[in-house]
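Letter by letter, the chains look like this.
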Amino acid sequence: MLFRQLFDQTSGTYTYLLASRRGGEALIIDPVLEKVDRYLQLIRELDLKLVKAMDTHLHADHITGLGALRDRTQCITVMGEQSGVDVVSMRVSEGDRLEVEGVALDVLYTPGHTDDSYSFLLPDRVFTGDTLLIRGTGRTDFQNGNPRAQYDSIFGKLLKLPDETLIFPAHDYKGDTVSTIGEEKAFNPRLQVQSVDEYADLMNNLKLPNPKMMDVAVPANMHIGLAQDEVARRGWAVTPEVALALLDRADVVLVDLRERREREKHGSIPGSLHAPYRDLREHVCKGGMLHEIATTTGKRVVFYCAYGERSAMAVQAAQAAGITSACHIQGGLDAWKKAQGPLSP
Ligand SMILES: [Fe+2]
């Protein structure tokens, strides 16, 4: 496996780049905006294709690189389903698997530092965000933090992993880079408590100042901006209500860009074609399946995904490839459901 731990000195943030091989697909965890050029340079040098960028939670101490990476690589942006952040194009929850070629992360919901905190697990290592730090734990006094939830996340989930599991946190301020579950169990001062009450007392009395960047970073991270806005301006978007009228029309092909797991979990629009976003380029280029459908049958290609972000990027790629009828359902399946659109299981 290709594994890189990158560091942002200003915020003390660790960012992780993972791929199974040189030349393959990559994912990045907790990217920092100011470091995006550095990540992209490394991705080029290692001949990787960035396909997913995810944040473990809504950060209060730095501006996320998710939006910039989306704009520059058309990657899928991922966060937990509790997150209210607008840039997200795929949301995950406990028990999901997050995959790129040759790498599969198990998704653990580990709230407490924030209510949208997740950890991501590989067989030998876990990315703990700010839930479990090296000899510390993430503060629980803002952003819907909750020390009792954090206790459950740490003692009920993370510390149940094998002792030799490596811990890679989202931050460190002392220069430590990695720990293990066994080491933290034994030496993390916050974990030497006898009960959830004792842990809550400890966390409620830390009296920490707010992070310097908090008033800037939190609102900025909530609204990174949508790929959808530009597409709507160009007239390449339809509302779910308009899309409802396109159902069953012979001159329309609805294309679901989500992954198989998302379709199984949330259902799909009846009669829609499945063409995952990762294969989009080959489908829309000349000779590709969607290009052929559009040019030989004259059907209008209507993309959709979970929230409309992937489909907005797909419309732009399809239009650039000459599929001039391409549009997408604004707001994705989420908006479709709210408009009472029918679903196939
Ligand atoms: Fe945090």
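Scroll up to find the structure this text is about.
A short tour of the structure in this document, coming up.

Thresholds, definitions, all that
Residues numbered from 1 in each chain as written. Predicted model: local features only at pLDDT ≥ 70, side-chain atom pairs only at ≥ 80, totals over all residues. Heavy atoms only, no water. Salt bridge = Lys/Arg side-chain N within 4 Å of Asp/Glu carboxyl O. Helix = DSSP H or I, 4+ residues; strand = E, 2+ residues; numbered from the N terminus. Contact = heavy atoms within 4.5 Å. Buried < 20%, exposed > 50% of the residue type's maximum accessible area, 1.4 Å probe, protein only. Arc of directions from axis to C-beta. Donors = N, O, S within 2.8 Å, 3.2 Å for Na, K, Ca; no water. Expected span 1.5 Å × (residues − 1). Pairing = 2+ DSSP bridges. Core = buried A, V, L, I, M, F, W, Y, C linked by side-chain atoms within 4.5 Å. Phe/Tyr/Trp six-rings, centres within 6.5 Å; stacked < 30°, edge-to-face > 60°.

Next up on the list: the pattern of salt bridges. One pass over the structure, following the stated rule, counts 25 salt bridges. Residue Lys265 pairs with Asp96 through a salt bridge whose shortest N-O separation is 3.0 Å. Here Asp96 lies in the loop between strand E6 (90–92) and strand E7 (97–100) and Lys265 lies in helix H9 (residues 260–266), a separation of 169 residues in the sequence. For the salt bridge of Asp256 with Arg263, the shortest nitrogen-to-oxygen distance reads 2.8 Å. Three or more residues are tied together by salt bridges with common partners; here these are Arg70, Asp71 and Glu309.

As for its placement among the helices and strands, Asp55 is situated in the loop between strand E4 (49–54) and helix H2 (66–73). Sequence-distant contacts of Asp55, that is, excluding residues within four places in its chain, are made with Asp30, Pro31, Thr64, Leu66, Val78, Met79 and Phe120.

To continue, consider helix H6 (residues 214–222). Every buried residue of H6 is accounted for by Met214, Ala217, Val218 and Asn221. End-on, the buried residues of H6 take up no more than an arc of 95°, which puts them together on one face.

Next up on the list: the coordination of the iron ion. Note on the iron ion: its protein donors are His57 (NE2), His113 (NE2) and Asp130 (OD). The metal-donor distances range over 2.1 to 2.3 Å. Sequence spacing of the donor residues for the iron ion, all on one chain, is H-x55-H-x16-D. With a gap of 73 residues between them, His57 in the loop between E4 and H2 and Asp130 in the loop between strand E10 (125–129) and strand E11 (132–133) connect regions that are remote in the sequence. The exposure class of Asp130 is buried, given its relative accessible area of 7%.

Not every positive phi belongs to a glycine, and Asp30 is a case in point at roughly 55°. When you line up the elements, Asp30 lands in the loop between strand E3 (25–29) and helix H1 (36–45).

With 12 residues, helix H12 (residues 309–320) should reach 16 Å at 1.5 Å per residue; the first-to-last C-alpha distance of 17 Å fits that figure. Of the positions making up H12, those classed as buried are Glu309, Arg310, Ser311, Ala312, Met313, Ala314, Val315, Ala317, Ala318 and Gln319. Once H12 finishes, Gly322 follows within two positions and takes phi at roughly 95°, a positive value.

Once that is clear, we can look at the sheet that holds strand E14 (residues 179–180). Reading across the sheet, the 6 strands line up as E7-E8-E9-E10-E13-E14 and stay open at both edges, with mixed pairing between neighbours. This sheet does not close on itself; its edge strands, each paired only once, are E7 and E14. As judged from the 4 bridges shared by E7 and strand E8 (residues 103–109), these two strands associate in the antiparallel manner. Note that in E8 the partner of Glu99 across the bridge is Ala104.

This paragraph deals with the environment of Asp47. By secondary structure assignment, the location of Asp47 is in the loop between H1 and E4. In this structure the C-alpha to C-alpha distance between Asp47 and Ala314, which are 267 residues apart in sequence, comes to 23 Å. Dropping the residues within four chain positions of it, Asp47 is found in contact with Arg22, Gly23 and Gly24.

Here we take up the sheet that holds strand E16 (residues 252–256). Strand order in the open sheet formed by 5 strands is E15-E19-E18-E16-E17, with parallel pairing between adjacent strands. Whereas interior strands pair on both sides, the edge strands pair on one side only; in this sheet they are strand E15 (237–238) and strand E17 (273–274). In the sheet, E15 pairs with strand E19 (residues 327–329) via 2 bridges, with the strands oriented parallel. Looking at E19, one finds that Val238 is bridged to Ile329.

Turning next to the nonpolar core. Among the nonpolar cores identified, the biggest contains 45 residues, and Leu98, Leu105, Phe120, Phe127 and Phe303 are the most heavily contacted of them. Looking at which element gives the most residues to this core, the answer is H12, with 6 residues. Discounting chain neighbours no more than four positions away, the residues touching Phe120 are Met54, Asp55, Thr56, Val92, Leu98, Leu105, Asp106, Val107, Arg125, Val126 and Phe127. The next biggest cluster of nonpolar side chains, apart from the first, holds 29 residues, and it includes Ala26, Ile28, Leu42 and Val87.

Turning our eyes to something else, we now look at the packing of aromatic side chains. Inspection of the entire model under this criterion finds 11 aromatic pairs. Measuring from ring centre to ring centre gives 5.9 Å for Phe3 and Tyr16, while their planes differ by 15°; the resulting arrangement is stacked. Taken together, the residues Phe3 in strand E1 (residues 2–8) and Tyr16 in strand E2 (residues 13–19) connect sequence positions 13 residues apart. Residue classification places Tyr16 among the buried positions, given a relative accessible area of 1%. Ring centres 4.8 Å apart and planes at 55° place the aromatic pair Phe3 and Phe168 in the tilted group. Here Phe3, found in strand E1, pairs with Phe168, found in strand E13 (residues 166–169); they are 165 residues apart in sequence, far enough to count as distant.

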